[in-house]
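One-letter residues, chain by chain:
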Protein chains: 2
Amino acid sequence: MYFKAWLDYDGELNESMKKYFSTVLSNYGSNVLSKVERQMYLHAVEEVKTAAKAFIGNKPDEYDFMISDGNLTVIKEQYDEKEDGEWEKGILLYYVPENQMDEEALITEGAYAIKRYYDEEKRLDLWTVRANSGAGILYGTFALIRQAVCEGKIADTGIVAPFHALRMLNHWDNMDGTIERGYSGNSFFFSKNQILITERTTFYARLIASVGINGVVINNVNVKDMATRLISPVYYAKLRELSKIFAGYGIKIFLSLNFAAPMELGGLSECDPLSEDVIRWWKEKMQEVYQEIPDFGGFLVKADSEGRPGPFTYGRTHAEGANMLAKEIAPYGGLIIWRCFVYNCRQDWRDKKTDRARAGYDNFMPLDGKFLDNVILQIKNGPMDFQVREPVSPLFGGLMKTNQMLEVQIAQEYTGQQRHVCYLVPMWKEVLDFHTYCKENEDTVADIISGRTFPIRNCGIAGVSNTGDDSNWTGHDLAAANLYGFGRLSFDNHLTAEEIAKEWISMTFPKKPIILSNLMYILMNSWRAYESYTSPLGIGWMVNPSYHYGPNVDGYEYDRWGTYHRADCKGIGVERSSKGTGYTLQYQKKNALMYEDVSTCPDELLLFFHRVLYTDRLKSGKTLIQHIYDSHFEGVEEVKEFIRLFCQLEEYLEEAVFQRILNRLTEQLSSAEEWRDVVNTYFHRISGIEDEKARIIY
Amino acid sequence: MYFKAWLDYDGELNESMKKYFSTVLSNYGSNVLSKVERQMYLHAVEEVKTAAKAFIGNKPDEYDFMISDGNLTVIKEQYDEKEDGEWEKGILLYYVPENQMDEEALITEGAYAIKRYYDEEKRLDLWTVRANSGAGILYGTFALIRQAVCEGKIADTGIVAPFHALRMLNHWDNMDGTIERGYSGNSFFFSKNQILITERTTFYARLIASVGINGVVINNVNVKDMATRLISPVYYAKLRELSKIFAGYGIKIFLSLNFAAPMELGGLSECDPLSEDVIRWWKEKMQEVYQEIPDFGGFLVKADSEGRPGPFTYGRTHAEGANMLAKEIAPYGGLIIWRCFVYNCRQDWRDKKTDRARAGYDNFMPLDGKFLDNVILQIKNGPMDFQVREPVSPLFGGLMKTNQMLEVQIAQEYTGQQRHVCYLVPMWKEVLDFHTYCKENEDTVADIISGRTFPIRNCGIAGVSNTGDDSNWTGHDLAAANLYGFGRLSFDNHLTAEEIAKEWISMTFPKKPIILSNLMYILMNSWRAYESYTSPLGIGWMVNPSYHYGPNVDGYEYDRWGTYHRADCKGIGVERSSKGTGYTLQYQKKNALMYEDVSTCPDELLLFFHRVLYTDRLKSGKTLIQHIYDSHFEGVEEVKEFIRLFCQLEEYLEEAVFQRILNRLTEQLSSAEEWRDVVNTYFHRISGIEDEKARIIY
């Protein structure tokens, strides 16, 4: 059993809108569409019907139409029999043939335009979705329904083209059905080393297509055991079936790849990317894969990272490793997405010179320009990992001749594990809007990964998925806002976090002003709240090792992961300025200067960049220690406010929904109190400095 | 494959001793022995033959003998044919019939006497083992061989009776083959929910009988899943077979019991010890168990402890719970051993009033005198858990009308997990020799658990076993000294830790003075060394949660286990005096006063009992903080010394043995350095006080 999430068109639509859903006009029959394009078109028609069923309780009338020299002809037998003065309202899906393209921009894969067609004479009042691709028709249709639901009206959109070419979800699903960093049940892709294909699979494709996703990596980046065999005859039939389902929604299937596959799968004695045997093995493997799965997108590779094999073993560079694969997959149009999460995960905590934050840049900057065109470097949004607050990776704005992709984590590994509400779109917006100063203008991360800054074609954004086989998909009902938001943002970067939240709430919950306003408050303040009761000012971590939940200030302090806070009785923080590890120097000059100087470094990243004394004053005028105390007390109060506001919604929400969310919020409160008390107690004990407000610290 | 441990009589014996092993004289044929007694006698004879084979390379001659009116007649055909002047030397095992008992004390089960029989006229020179039980014959035989090997001579012992009635090993083996807190491989009792019976089983019975063990609990005290079914027809046949094997070595088999068995196994709706249904169920179960396993010893019960079910659920006392079982097992002579490890394992770290150290006493003292005679309370050697240094539980010297058993942990859960050498006999000696002041004299723990202090009959000592299916039994070769030592000490409390170490070394390794002296140094200094580089002065813990290895000063500090150090920038320790939790008041007055006062509280337990400032001076004259720094540096130096001394033995030891032990010592050194650096860094950071000697602290 699963819920329909934001696609549960729950029937609340005003009367004037409903009329449009009484008729759907399609022309897929009259066009020469490829099988897969036709499938997308059909799914769009199906979507209108599904929405109509929900909104008006009936199937809509279905007619073909023809457009010739700009003249629309509706093809239906009883058309002339309409009574005088009666208007025909409907939704028209127009797959624009190339020879009739009136708008150049529609050429972009997935672009669409919603436009009113109003003909006084023929008494036709239609909302048209125009596109030159099946994906465009599909996206336009979802957009049209979204407008109707969220705004209560439909409006001309002009041409809407997807902002990022690649809009991907990375699933960290294991073949045994578990999910690494999964907080929503088990995998719906795998169970007991088998690939699952159920009704849920199709719904998922539809769900993520509705927000614009066009690529999905289905297996964990840590590829082991049977997952290595995904590229073997054992799984091809199922993968082909799966990729067909997703292709029908404009989504390509990707796989994570084991760099050591030539050894583990091929029986070779090495996986040196320059070995002729290895190259030959991959050549044959790529041919085989594409023979078996024609729609296949390509591979995601985690190499030389956290124990995964890679080119370093053979003294080869990451460029040599990635290019070897890229060259062999190129004939089939495939991509090699190469993760930059490479660092020394066996650091000695006593070693204060090595700085994990530097590692991505140090490893990949020297290779800028050395990658083939179908290689994409996938860069995590923070240089450390997915902490609640990190600066943007200096690889963005550093790399100028390399395809790049931003990787964010929708799964809330370090942000409350879907037991705490933490709406992440505001964080992603900050990352995307960050000026790297690598150019005069068009220098933000969003500019870079959309190909505006540098002439890179294969680029985009990837999110580590937060879904599983829980009936509500995301464990916490409110965590679905992150999945929704990730998709929407990847498609349309201009959307604000507020707009996205508002959309998602309107799509998901009954339309009551109090629901909208209270949930908006909760979502929009949730990231900041979580940040304030966990680790302060960009220092990160301070969680229990391995499962990354719950306060543990010293949890990583004496460990091998390169994640230290160095707190002592005087102060805390890692000096990453030029006086310290020199990490600041990896940024373009303007940012380097900003971070270098304590007086210009933003407070919220202060402890990421600098070692600060407890008695030093922040820009707020507070001492550091007082800020720590205050923010931890305030964060908990904010969670109480969330609960107060949420409880006001009891009468408007289904009981089960209300109870489910309330349970999570209640758990969040007790967990936040624990976080507050542990962190405050730790700093009170180590600093010996009293809280100015004399609140209880244990 | 397994090694013979200290029973590998490796042939080094002087010539005069060898002669005695040329003949063995036995009279089991002429005595009316029960089947099981006869089996023990046979095993003793077998032991002499095995030793002879090793020492002289041949089977000894075997003769019967008769003793009538004190006159010995050797029954052998060629006896008279011996040449004039030739002496007959041999070993004679004499199961003394009751009507010929010349020494009262031999009546004690397992007692024996070794005595020379020297007859000028008959030219007989024999060493005799005299006993009135099969176990006595067996123990005496092992003792005689041990004398020969260790001393190079045999001497009259007088009557040696076992010190403690119950000398038990507790195995925490799970039915799936894993061992809770096992550091020597998997279980040799269970695999995949089956009971294993192999050649190894028999050897193990012989091995532990050789040091006097007479009871073995084979399954983990946490009884779950299939282990609950050990008392069901599925396993009876195998258990019967197993108990027969052990009985042949004087060892009774016990099982850990699931208090909720009436529900989980019997399908009842409750396990209330006062419910008639529950009582009836147990009555029938006990009858069934003894019908199926006649040699069965009884049950060990962990109830209302760390999530295990128990009488508290039904508002019953532990006495009511234990007595119910005891009453039903009494007709068969069975014992109920009831663990006192009962405490709140869901404590809020913010709660400073609850003191886990108090829990055992608080829970069980009110029940003193309320337990049936076949119930034994099994009390851990520290009130917290098996830390490297704890005071003796105040239940010893508190309880005066209750059968008691001391529980120590041979498995090195908190003492280096058999990766560090840590000879524990000195610790156990301290516990056993501790004066409780519950009586004028005979007031030590050893006195209490041997029944000298109070008229208790069922009492003794239990050790959590450190064995597994590793070929050397204990993972670390040197950890076998703990198993050996536990057995020897439980049999003969008068032995010193040095004597035991010396015995074990002599039995196990080639007889070279340098081996003896260097290993003696390592063993005798190992506990102190481990203590000095881990947690200081009785504060305990400071390890990684759940697996209990490696430094983690705050590992348990904000957790639910009641194990806190409360370190802040000024000092550390839990105030357990009358000014604090009042734990000191649980001791008899003299000890209470000693612990209450910082000036009389022994330094090594200072932080267990008191909160102390870093700048306070210890009895040594050092400040607390300097002591922490010094001891951590010194501990590591001591490990280096162990390695230096051990390396001197290279030429005398088998290469594999040398390498195996050296590997462990090397690992210990790097682990000790880690411990030193983490603990010193933690305290340096939190106190801000410099090391007087300005050594490297990170």
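Preceding this paragraph is the structure being described.
The structure displayed is predicted, hence computed values, not measured ones. (Residues numbered from 1 in each chain as written. Chains lettered and ligands numbered in written order. Predicted model: local features only at pLDDT ≥ 70, side-chain atom pairs only at ≥ 80, totals over all residues. Heavy atoms only, no water.)

A.B. asks: Kindly report on the overall build of chain A, identifying the contributing residues and their values.
C.D. replies: Scanning chain A for helices and strands turns up 18 helices and 19 strands. Computed over the C-alpha atoms, the radius of gyration of chain A is 26 Å, within 12% of the 26 Å expected from 2.2 N^0.38 for a compact globule of 698 residues. Taking the principal axes of its C-alpha atoms as reference, chain A extends roughly 90 × 65 × 50 Å. Counting only residues that meet the buried cut, chain A has 63% of its 698 residues in that class. Sequence separation of at least 24 residues holds for 73% of the intrachain contacts in chain A that already meet a minimum separation of 6. Accessible surface, chain A: about 25,900 Å² in total, of which carbon and sulfur atoms supply 48%. (Helix = DSSP H or I, 4+ residues; strand = E, 2+ residues; numbered from the N terminus. Rg over C-alpha atoms; globule rule 2.2 N^0.38 Å. Buried < 20%, exposed > 50% of the residue type's maximum accessible area, 1.4 Å probe, protein only. Contact = heavy atoms within 4.5 Å. Areas by Shrake-Rupley, 256 points an atom, 1.4 Å probe, with all protein chains shown as cover.)

A.B. asks: Could you give me a rundown of the packing of aromatic side chains, with the residues and numbers involved?
C.D. replies: Counted according to the given criterion, the structure contains 90 aromatic pairs over all chains. Summarising the aromatic geometry, the rings of Y290 of chain A and Y332 of chain A are spaced 5.0 Å apart at their centres and angled 10° between planes, so their arrangement reads as stacked. Highlighted residues: Y290 of chain A in helix α7 (residues 276-292) and Y332 of chain A in the loop between α8 (318-329) and β14 (335-339), separated in sequence by 42 residues. Taking 5.8 Å as the distance between ring centres and 75° as the angle between the ring planes, the aromatic pair formed by F65 of chain B and Y94 of chain B counts as edge-to-face. Residue F65 of chain B is found in strand β2 (residues 61-68), and its partner Y94 of chain B is found in strand β4 (residues 88-95); the two are separated by 29 residues along the sequence. For Y94 of chain B, a relative accessible area of 4% gives the class buried. (Phe/Tyr/Trp six-rings, centres within 6.5 Å; stacked < 30°, edge-to-face > 60°.)

A.B. asks: So what's going on with α8 of chain A? Residues and values would help.
C.D. replies: Residue and element names in this part refer to chain A. Between its first and last C-alpha atoms α8 spans 17 Å; for 12 residues at 1.5 Å apiece the expected length is 16 Å, and the two agree. When you tally the buried positions in α8, you get 10 out of 12 residues, the bulk of the element. Residues of α8 that are buried: H318, A319, G321, A322, N323, M324, L325, A326, E328 and I329. The N-terminus of α8 is capped by T317, whose side-chain oxygen sits 3.3 Å from the backbone nitrogen of A319. (Expected span 1.5 Å × (residues − 1). Polar contact = N/O pair within 3.5 Å; in protein donor to acceptor, adjacent residues only side chain to side chain.)

A.B. asks: Now, about the relation of the copies chain B and chain A: what can you tell me, with residues and values included?
C.D. replies: The transformation that overlays chain B on chain A combines an axial shift of 0.0 Å with a rotation of 180°, and the residual RMSD is 0.1 Å. Such a combination of turn and shift is consistent with a two-fold rotation axis. No C-alpha of chain B approaches the rotation axis more nearly than that of I686 of chain B, which lies at 2.6 Å. In this assembly the copies share their binding face: 100% of the residues contributing to the interface of chain B also contribute to that of chain A. (Least-squares fit on C-alpha atoms with pLDDT ≥ 70 in both.)

A.B. asks: Give a detailed account of the pattern of salt bridges, specifying residues and quantitative values.
C.D. replies: For the structure shown, the criterion picks out 84 salt bridges over all chains. Across the salt bridge formed by D568 of chain A and R611 of chain A, the nearest N and O atoms sit 2.9 Å from each other. Of the two residues, D568 of chain A is situated in the loop between α14 (513-533) and β18 (571-572) and R611 of chain A in the loop between α16 (606-609) and β19 (612-613); the sequence distance between them amounts to 43 residues. Taking relative accessible area as the criterion, D568 of chain A reaches 18% and is therefore assigned buried. The partner of R350 of chain B in a salt bridge is E674 of chain A, with the nearest N and O atoms 3.0 Å apart. Within this pair, whereas R350 of chain B is found in the loop between β14 (335-339) and α9 (359-364), its partner E674 of chain A is found in helix α18 (residues 655-687), the two belonging to separate chains. By sharing partners, the salt bridges in this structure join K622, D630, E634, D691, K693 and R695 of chain A into a single network. (Salt bridge = Lys/Arg side-chain N within 4 Å of Asp/Glu carboxyl O.)

A.B. asks: If you had to explain the packing of helix α4 (residues 199-209) of chain B against helix α5 (residues 233-247) of chain B to someone new, which residues and values would you point to?
C.D. replies: Residue and element names in this part refer to chain B. Interhelical geometry of α4 versus α5 gives an angle of 35° and a closest axis separation of 9 Å. Regarding α4 and α5, the two cross each other, and that crossing is right-handed. Two secondary-structure elements touch here, α4 through T201, T202, Y204, A205 and I208 and α5 through L242, I245 and F246. Broken down by class, the residue content of the contact of α4 with α5 amounts to 6 nonpolar, 2 polar and no charged. (Axes fitted to C-alpha atoms, helices over the stretch in contact; angles between N-to-C directions. Left-handed = near helix turned anticlockwise from the far one by under 90°. Nonpolar A, V, L, I, M, F, W, Y, C, P; charged D, E, K, R; others polar.)

A.B. asks: Kindly report on the sheet that holds β14 of chain B, identifying the contributing residues and their values.
C.D. replies: Residue and element names in this part refer to chain B. In spatial order, the strands read β8-β11-β12-β13-β14-β15-β16-β17; together these 8 strands close into a barrel with parallel pairing. Adjacent strand axes in the sheet meet at a mean angle of 25° when their direction is disregarded. Pairing of strand β12 (residues 252-257) with strand β13 (residues 298-301) involves 4 bridges; the strand directions are parallel. Following the sheet pairing, F254 is matched in β13 by G298. Relative to the sheet, helix α8 (residues 318-329) contacts β12, β13, β14 and β15 (375-380), its axis offset from that of β14 by approximately 160°. Packing against the sheet, helix α12 (residues 480-491) makes contact with β8 (166-170), β16 (404-409) and β17 (460-464), and its axis sits at approximately 160° to β8. (Pairing = 2+ DSSP bridges.)

A.B. asks: Now, about unusual backbone geometry: what can you tell me, with residues and values included?
C.D. replies: A positive phi is found at K192 of chain A, a non-glycine position, where the angle reads about 45°. Within the element layout of this structure, K192 of chain A appears in the loop between β9 (190-191) and β10 (194-195). The backbone of H548 of chain B sits at a positive phi, close to 60°, despite the residue not being glycine. Of note, H548 of chain B is situated in the loop between α14 (513-533) and β18 (571-572).

A.B. asks: Lay out the packing of helix α7 (residues 276-292) of chain B against α8 of chain B with the relevant residues and their values.
C.D. replies: Residue and element names in this part refer to chain B. Look at α7 against α8: their axes get within 9 Å of each other, and the N-to-C directions meet at 45°. Considered as vectors, α7 and α8 are oriented oblique to each other. Helix-helix and strand crossings are classified by hand; for α7 and α8 the assignment is right-handed. Together, V278, I279, W282, K283, M286 and Y290 of α7 and M324, L325, E328 and I329 of α8 make up the contact between the two elements. For the contact of α7 with α8, the per-class residue count stands at 8 nonpolar, no polar and 2 charged. (Parallel < 35°, antiparallel > 145°, perpendicular 65-115°, else oblique.)

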